[in-house]
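# Structural features, examined
For reference, the chains in residue letters:
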Amino acid sequence: MDRHTNSAFERLEIVETGRRRRWSEAAKERIALESLSGPRQISATARRHNISRSLLLIWRRAFLARNEEASPSFVPAVVTAEPIAAPQAVTLMPRTEIVLRCGRRIVVEGPVDIAAVLALARGLEALR
């Protein structure tokens, strides 16, 4: 072969970048949790672990989706202590107990708003 003297390259080096890195699920979860630890942590966390920001966003979306599926979406309830009242004369109030098809029970004492109890029962049945 003829050698080209006016070529810009005399030597060509091939640099091997190595194999693709493989991240375990535990490492992905740890890095995603680290990026969720505070505001504006995505880019800083990605730089710290030498990964792209877009890859970290993919891991975060997968982590959040997995955790949303695992946890029920109930509204937290607040339980407060009833104030202690002075002893009063004992009056007998009618007590109504309703057992739903799903096995849940509704116990109501005193006068009852039927529409409210029916709405509550329908809501509890829908939660199955």
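The structure this text deals with has already been given above.
About the thresholds
Residues numbered from 1 in each chain as written. Predicted model: local features only at pLDDT ≥ 70, side-chain atom pairs only at ≥ 80, totals over all residues. Heavy atoms only, no water. Buried < 20%, exposed > 50% of the residue type's maximum accessible area, 1.4 Å probe, protein only. Helix = DSSP H or I, 4+ residues; strand = E, 2+ residues; numbered from the N terminus. Arc of directions from axis to C-beta. Patch = residues over 30% accessible without salt bridge, like charges linked within 9 Å, V, L, I, M, F, W, Y side chains within 5 Å. Areas by Shrake-Rupley, 256 points an atom, 1.4 Å probe, with all protein chains shown as cover. Salt bridge = Lys/Arg side-chain N within 4 Å of Asp/Glu carboxyl O.

### Describing helix α1 (residues 25-35)
When we look at burial in α1, the residues that qualify are Ala27, Ile31, Ala32 and Ser35. Buried residues along α1 cover an arc of 130° about the axis, so they all sit on one side. Every exposed residue of α1 that faces more than 90 degrees away from the buried side is listed here: Glu25 and Ala26.

### A short note on a nonpolar patch on the surface
Taken together, the side chains of Leu33, Leu36 and Leu64 present a nonpolar region at the surface, about 230 Å² in accessible area. With respect to the secondary-structure elements, Leu36 resides in the loop between α1 and α2 (42-48). Look at Leu36 and you get partly exposed, because its relative accessible area is 33%.

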